[in-house]
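Below are the chains, spelled out letter by letter.
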Amino acid sequence: HSDLGEVAPEIKASERRTAVAIADLEWREMEGDDCEFRYGDGTNEAQDNDFPTVERSRLQEMLSLLGLEMYQVQKLSLQDSLQISFDSMKNWAPQVPKDLPWNFLRKLQALNADARNTTMVLDVLPDARPVEKESQMEEEIIYWDPADDLAADIYSFSELPTPDTPVNPLDLLCALLISSDSFLQQEIVLKMALCQFALPLVLPDSENHYHTFLLWAMRGIVRTWWSQPPRGVGSFREDSVVLSRAPAFAFVRMDVSSNSKSQLLNAVLSPGHRQWDCFWHRDLNLGTNAREISDGLVEISWFFPSGREDLDIFPEPVTFLNLRGDIGSHWLQFKLLTEISSAVFILTDNISKKEYKLLYSMKESTTKYYFILSPYRGKRNTNLRFLNKLIPVLKIDHSHVLVKVSSTDSDSFVKRIRAIVGNVLRAPCRRVSVEDMAHAARKLGLKVDEDCEECQKAKDRMERITRKIKDSDAYRRDELRLQGDPWRKAAQVEKEFCQLQWAVDPPEKHRAELRRRLLELRMQQNSHDPSSGVQEFISGISSPSLSEKQYFLRWMEWGLARVAQPRLRQPPETLLTLRPKHGGATDLGEPLWPEPLGVEHFLREMGQFYEAESCLVEAGRLPAGQRRFAHFPGLASELLLTGLPLELIDGSTLSMPVRWVTGLLKELHVRLERRSRLVVLSALGVPGTGKSTLLNTMFGLRFATGKSCSPRGAFMQLITVAEGFSQDLGCDHILVIDSGGLIGGALTSAGDRFELEASLATLLMGLSNVTVISLAETKDIPAAILHAFLRLEKTGHMPNYQFVYQNLHDVSVAGPRPRDKRQLLDPPGDLSRAAAQMEKQSDGFRALAGLAFCDPEKQHIWHIPGLWHGAPPMAAVSLAYSEAIFELKRCLLENIRNGLSNQNKNIQQLIELVRRL
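Residues numbered from 1 in each chain as written. Predicted model: local features only at pLDDT ≥ 70, side-chain atom pairs only at ≥ 80, totals over all residues. Heavy atoms only, no water.

**Here we look at the overall build of the chain**
Then, number 1: Of the regular secondary structure elements, the chain holds 31 helices and 25 strands.
Then, number 2: Of all 917 residues assigned to the chain, the portion counted as buried reaches 56%.
Then, number 3: Sequence-distant contacts in the chain: of pairs separated by 6 or more residues, those separated by 24 or more amount to 75%.
Then, number 4: When the accessible area of the chain is evaluated, it comes to approximately 39900 Å², of which 50% is carbon and sulfur surface. (Helix = DSSP H or I, 4+ residues; strand = E, 2+ residues; numbered from the N terminus. Buried < 20%, exposed > 50% of the residue type's maximum accessible area, 1.4 Å probe, protein only. Contact = heavy atoms within 4.5 Å. Areas by Shrake-Rupley, 256 points an atom, 1.4 Å probe, with all protein chains shown as cover.)

Written out as C-alpha cells, the structure is:
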C-alpha cells in the first residue's frame, strides 16, 4: 500500500481505490487466505456483484467531501438555503470543500456570474510561507500534498482535491442537485437561467445508474423574445421554456476530441466578439479539472431573438444540448439526443471499429449527423475508411464532415456551424418542447422528476380548477363572489367608520348607520358558500403532505398563468400606456394595469369568508360555535412559513383586511412559539423601478416581477434567521414587504387616488423597521412617499431608510453622477409642496428640509448599476449589479444588528401596530 501511494499519488480517487483493492487481493492470495474480494475500507464484493462499486464510491465520496452526505435521506430544502446567518453579512471565500455548496447557493441567489468558480482560499496557511503585500496577508491557494502527512490515509478521497484541481463545478452542481429537494432544485435551475448558465437537463446518478430527466426543475422558467421582423407588439412572445417548441441541436463527443464542445457552443451562441460562457469548459478558471460524477450530464441552453437583425444570430428560438462525457459510455443519453434533435454534431479525433458499430446502430434515425474532426491528431486513414462506410448508413455526404485543426480560423469555423444550423432551420425540421423531450426520456426508461405521486396528485387537482376557467373576469365574478363590489363596498364603509373614530365629536347617528351598512354587507357575504373551485383550492392547501401542498401551489401559479388573458402578453413598454393618466379624481377600483388571475385571488376569497364571519361574531349576530372558517388563517400562516408571499394589502380595493391579517399573524405567532421576534423590512417605489427584483436577488424571495404579471397589492414574505445568528442580529425572522403596484407615481394632490396612495405608503412605512425606497431617477421621489415621511416625522416613528437609485437603462454607468445627487438634495418642487399642504403644514418647505434625506451629512443613497449585461433576452445579469445588491444587503443587516432601525418587535406588537395604523 505504501508503494502505491509513493508511485502514483496523482491517480484519481476511484482508480486508487480500485488499485488498492486489487493489491489487497493479490496480497491475500500470496498469504494463502480465502480469496474474498475485499476493499481496504471493509466493503466486500458480495455487497454488489456488479463491478460499478467504483462508480458508487465516487458519488458517496464526493458527497462526503462536500459535506452533503447528511442530505441523502432528508433532502436540503429551499428554506434551509435562504436562512440569514453570519455568512450573509460577509463576502467570504470557501476555504475547504465543504464550503463550496453553500458558497455556490449564496452566489447563485445573488445572481452572481462567478457562482461556478470553485476556487478555495485560506487567509493563513500553517506550512506556507507568508506573502506580504501592502501590510496585508495576500490570500493564497491551498496546495495539498498527500506525502506531507504520513499518518494520513493516502487513499482518502477528501485529500485529493487541491485548489489548482478542486472539485469540478459540474461535479459540485450534480452533487448539490442530488442532495436537494424538488423545490430547491427548481430554484437552482431558475437562478442559473437568469445568469444565462447552461441548465442541467438529464442528471446522472453514477451510483444507481438511474438517471433523472429534470422536467419539474424547469417548470418555472419563462422567457420572452421578439420574432423578426418587425420588433413590435405583434412580434412579442412570452412562454415557458417547458412548453414552447423549438428545433434542437445536440453536441456530443465520441472517444477523444481535441476540440472543446462547450467552447464551440459558447462561440456559436455569442453575438459579435463578446464571448458568453454559457457552458462551462476546460479553459475557464479551473475548468480542466477531471469530472468525477458528472459524466453523463446533459445540459440545455437556448438562443432567443431580440427582433434586431444586427444582434440576432438566428431568426427564431433554437435549443442547444451538450452531453458531458463519451457517447460510448453514455449510450442512453446519446440515444435520447438523437430522438429529440434536428441535428447532432459529433466531435472526435478517431473513429475506431467500436465507434463505427455504435453509429451503425443509428441507421434508422432521421436525425442529421455532422462530424467535426481533428484528423492530424488521430488516425487519418482509419477515419476516412470508416467515414466512407457511414455515409450511406447515416445518409450524409461530405458536406457533413468538418475539419478543425489548430490552424483553422475560429471565427470562420463558427460561422460555418451557424450556417449549418440556419440551413436546418429553413428546411422542415423537428421542433420539440422540454415536455416532448421528457416523453421521449420516459420511453427510454429514464426517470422524470415530475412523475412522483405527490406531484401528479397536485397537478390533477390544479387541472380540476383551471379547466373551468374560460374567461378570467367571468370566473372572478361567478366563482369568487365575495370579491368585487361586496368587498369594495365593505372596505369603503370600514374606512369611513375608522375615520369617524378620530373625529372630535362624531355623530352617533352616522356611526350607527355605518355599522348597519357594514353588517348588511357582511351578512350578504356570509350567506354564500365557497364555490367548488375555492373548495378544491382549500383542499389542496390543507393536504397533510407538505410536499404535495407545495407542488399544488406551484402548479396553481403556472396553471393560472396559462389561462391569463392574451392582452397581458404584451411587451413591457406597451404596458406603460395602461396606467391611468395623471391628475384629477380617479376611480379607486380602476386598475393601474390589467391584473391577472392568481393564487392571491383564492386566498383573498378565503380572507373575505373569514372577515365576514368574524365581523358577525363580533357584532353578536353569529354564535362563535357556528364558525366554519376559523381555521383559514392557520392554513395561510403555514403557506407563509413555506415561503409563499401573502397579500397584506388587497390589490383590488387598495385596503387591508385587518381581521384576516391579524388572524394570520396570531396563527404565525402560535406556530413560531419562542422565535417570534421580528424585523419588518419594506420596499416602496413606483412599479417598474426594480424593487421586487432587488428583494428577490437580495434574499432569494419570490415576489412577482414585471408589470405584465405583477398583482397590484402589497405582499409579505417571511425569512428565517438561523438560530445561531438570531441573538446577534436581534431577531428571529425578517418580514419583507413589497409594495407592489400601490404607489402609482407622480400624481397631483387633486384626486382621491393620491390621498389613498399616501395613506398606504404611511401604513407600510409605519409598520417597518427598515424601508428601501426604489427610484428610477433620483429626482423622482413619489409624492405619496414624501407625504408618508411628513406624517411619520410628526409621530416620531421613522424607519431606517435607504434610497436606491436603480440604473434601468445605461449599463455602462458605474457610479452615481454628481448632478443626480444634487437633484435629490434640491429644494422640493410642486409634488413636495402638495404633500406638505395635505398635511396642513404652514411651512411645507421647512418641514421637508428638516427630514434626514435632505441633509447631505445623513445620506443613505445607493446607486445600483443596470441589471443586464448585454441586450435582452440573451443578456446575463450584470456582475456589478449582483455585487452592489450584496453590499446593500450587508448594510441593511448591519443596521439591524447595530440597532439603527426602529426597535425590533415581536408578532404580538406587530398585530397591535397593524390595528392602530
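**Considering the sheet that holds strand S5 (residues 199–203)**
Backbone hydrogen bonds are what pair the strands of a sheet, in a parallel or an antiparallel way.
Then, number 1: What the nine strands build is an open sheet, ordered S14-S13-S12-S9-S11-S10-S5-S6-S15; its pairing is mixed. A strand with exactly one partner marks an edge of an open sheet, and here the two such strands are strand S14 (401–403) and strand S15 (447–448).
Then, number 2: The sheet contact formed by S5 and strand S10 (residues 298–303) spans three bridges and is antiparallel. Among the inter-strand pairings, valine 202 is bridged to a residue of S10, identified as valine 298.
Then, number 3: Against the sheet, helix H9 (residues 331–340) makes contact with S5, strand S6 (212–213), strand S9 (248–253), S10, strand S11 (318–326), strand S12 (343–348) and strand S13 (368–373), and its axis sits at roughly 160 degrees relative to S11, the strand it touches most. (Pairing = 2+ DSSP bridges. Axes fitted to C-alpha atoms, helices over the stretch in contact; angles between N-to-C directions.)

**With respect to the pairing of S12**
Then, number 1: Within S12, six of the six residues are buried, which leaves the element mostly enclosed by the surrounding structure.
Then, number 2: Here S12 shows no split at all, with Ala343, Phe345 and Leu347 on one side and Val344, Ile346 and Thr348 on the other all buried.
Then, number 3: Here S9 runs beside S12; their pairing, made up of five bridges, is parallel. Note on S12: the bridge partner recorded for phenylalanine 251 is phenylalanine 345.

**Regarding the pattern of salt bridges**
Then, number 1: Inspection of the entire model under this criterion finds 42 salt bridges.
Then, number 2: In this structure, lysine 191 engages glutamate 187 in a salt bridge whose closest nitrogen and oxygen atoms are separated by 3.8 Å. With a gap of four residues between them, lysine 191 and glutamate 187 both fall in helix H7 (residues 182–194), about one helical turn apart. For the pair lysine 191 and glutamate 187, one class covers both residues: buried.
Then, number 3: Close ionic contact of arginine 464 with glutamate 536 constitutes a salt bridge, the shortest N to O distance being 3.2 Å. Residue arginine 464 is located in helix H14 (residues 453–466), and its partner glutamate 536 is located in helix H18 (residues 532–541); the two are separated by 72 residues in the primary sequence.
Then, number 4: Each of Glu494, Arg522, Glu611, Glu618 and Arg659 takes part in a single network of salt bridges with overlapping partners. (Salt bridge = Lys/Arg side-chain N within 4 Å of Asp/Glu carboxyl O.)

**Here's the deal with a positive patch on the surface**
Then, number 1: On the surface, Lys353, Lys357, Arg385 and Lys389 cluster together into a positively charged patch.
Then, number 2: Counting only elements with at least two residues in the positive patch, the list comes to helix H10 (353–360) and helix H11 (380–394).
Then, number 3: By the secondary structure assignment, lysine 353 is in helix H10.
Then, number 4: Taking the relative accessible area as the measure of exposure, lysine 353 reaches 55% and is therefore exposed. (Patch = residues over 30% accessible without salt bridge, like charges linked within 9 Å, V, L, I, M, F, W, Y side chains within 5 Å. Lys, Arg positive; Asp, Glu negative; His and termini not counted. Charge placed at Lys NZ, Arg CZ, Asp CG, Glu CD.)

**A word on the packing of aromatic side chains**
Then, number 1: In total, this model carries 28 aromatic pairs according to the counting rule given.
Then, number 2: Look at phenylalanine 183 and tryptophan 216: their rings are 6.0 Å apart centre to centre, the planes differ by 90 degrees, and that puts the pair in the edge-to-face class. With phenylalanine 183 in helix H7 and tryptophan 216 in the loop between S6 and strand S7 (222–226), this pair connects stretches of sequence that are 33 residues apart. Taken as a pair, phenylalanine 183 and tryptophan 216 share a single burial class, namely buried. (Phe/Tyr/Trp six-rings, centres within 6.5 Å; stacked < 30°, edge-to-face > 60°.)

**Quick look at the confidence of the model for the chain**
Then, number 1: Chain-level pLDDT for the chain is 79 on average; 75% of the residues reach the 70-or-more range.
Then, number 2: Of the regions scoring below 50 in pLDDT, residues 810–823 engages in 13 contacts with residues more than four places distant in sequence or in other chains. (pLDDT = per-residue confidence, 0-100.)

**Focus: unusual backbone geometry**
Then, number 1: Cis geometry marks the peptide bond from proline 872 to proline 873; its omega dihedral reads 10 degrees.
Then, number 2: Residue position: proline 873 is located in the loop between strand S23 (868–869) and strand S24 (876–877).
Then, number 3: At glutamine 196, a position not held by glycine, the phi torsion is positive, near 60 degrees.
Then, number 4: Relative to the helices and strands, glutamine 196 resides in the loop between H7 and S5.
Then, number 5: A relative accessible area of 13% places glutamine 196 in the buried class.

**Section: the nonpolar core**
Then, number 1: In terms of nonpolar packing, the biggest core is built from 150 residues, with Ile188, Leu201, Phe213, Phe249, Phe320, Phe371 and Ile734 touching the most fellow members.
Then, number 2: Apart from residues no more than four positions distant in its own chain, phenylalanine 371 is found in contact with Met254, Ile346, Ile351, Leu359, Leu387, Leu390, Leu394, Ile396, His400, Val401 and Leu402. (Core = buried A, V, L, I, M, F, W, Y, C linked by side-chain atoms within 4.5 Å.)

**Looking at the packing of helix H6 (residues 169–178) against H7**
Then, number 1: Remark: H6 packs on H7, axes separated minimally by 9 Å, with the N-to-C direction vectors making an angle of 145 degrees. In terms of crossing hand, the pair formed by H6 and H7 is left-handed. Taking contact as the criterion, the partners of Leu173, Leu176 and Leu177 in H6 are, on H7, Gln185, Ile188 and Met192.
Then, number 2: Looking at side-chain class alone, the contact of H6 with H7 contains five nonpolar, one polar and no charged residues. (Left-handed = near helix turned anticlockwise from the far one by under 90°. Nonpolar A, V, L, I, M, F, W, Y, C, P; charged D, E, K, R; others polar.)

**Let's talk about helix H21 (residues 632–641)**
Helical periodicity: at 3.6 residues per turn, an α-helix aligns residues three or four positions apart in one direction.
Then, number 1: In terms of burial, H21 is a largely internal element, eight of the ten residues being buried.
Then, number 2: What H21 keeps buried is the set Phe632, Pro633, Gly634, Leu635, Ala636, Ser637, Leu639 and Leu640.
Then, number 3: Residues of H21 that are buried make contact with H18, helix H19 (546–562), helix H20 (599–618), strand S16 (646–649), helix H22 (658–672) and strand S18 (714–720).
Then, number 4: At the exit of H21 stands glycine 643, carrying a positive phi of roughly 100 degrees.

**Topic: the packing of helix H8 (residues 261–269) against helix H12 (residues 410–426)**
Then, number 1: Look at H8 against H12: their axes get within 9 Å of each other, and the N-to-C directions meet at 75 degrees. Taken together, the axes of H8 and H12 are roughly perpendicular relative to one another. Where H8 approaches H12, its residues Leu264, Ala267 and Val268 are matched on the opposing element by Phe413, Val414, Ile417 and Arg418.
Then, number 2: Its residues assigned to classes, the contact of H8 with H12 comprises six nonpolar, no polar and one charged. (Parallel < 35°, antiparallel > 145°, perpendicular 65-115°, else oblique.)

**Description of the environment of glycine 607**
Then, number 1: Examined against the element boundaries, glycine 607 turns out to sit in helix H20.
Then, number 2: Along the chain, glycine 607 and proline 633 lie 26 residues apart, while their C-alpha atoms are 7.9 Å from each other.

**With respect to the side chain of lysine 905**
Then, number 1: Mapped onto the elements of the fold, lysine 905 is located in strand S25 (residues 905–906).
Then, number 2: One buried charge, lysine 905, has no salt-bridge partner; the nearest side chain with opposite charge is glutamate 912, at 13 Å.
Then, number 3: For lysine 905, the side chain forms a polar contact with the main-chain oxygen of leucine 767, separated by 3.4 Å.
Then, number 4: Non-local contacts of lysine 905, meaning those with residues more than four positions away in its chain, are made with Ser676, Arg677, Leu678, Val680, Leu767, Ser768, Asn769, Leu910 and Leu913. (Polar contact = N/O pair within 3.5 Å; in protein donor to acceptor, adjacent residues only side chain to side chain.)

**A few points about the environment of threonine 771**
Then, number 1: As for its placement among the helices and strands, threonine 771 is situated in strand S20 (residues 770–775).
Then, number 2: The contacts of threonine 771, once residues within four sequence positions are left out, are Ser682, Leu684, Met765, Pro799, Asn800, Tyr801 and Gln802.

**Notes on helix H26 (residues 783–795)**
Then, number 1: Helix length check: H26 (13 residues) gives 19 Å between terminal C-alpha atoms against 18 Å at 1.5 Å per residue, within 8%.
Then, number 2: Looking only at H26, the buried set comprises Ala783, Ala784, Ile785, Leu786, His787, Ala788, Phe789, Leu790 and Leu792.
Then, number 3: Two residues or fewer past H26, glycine 796 is found with a positive phi of approximately 80 degrees. (Expected span 1.5 Å × (residues − 1).)

**Brief notes about the environment of lysine 107**
Then, number 1: Mapping lysine 107 onto the fold places it in helix H5 (residues 100–109).
Then, number 2: Lysine 107 gets classed as partly exposed once you look at its relative accessible area, which sits at 22%.
Then, number 3: When the C-alpha positions of lysine 107 and phenylalanine 886 are compared, they lie 9.5 Å apart, and in sequence the two are 779 residues distant.
Then, number 4: Residues within four places of lysine 107 in sequence aside, it is in contact with Asn112, Asp114 and Ala115.

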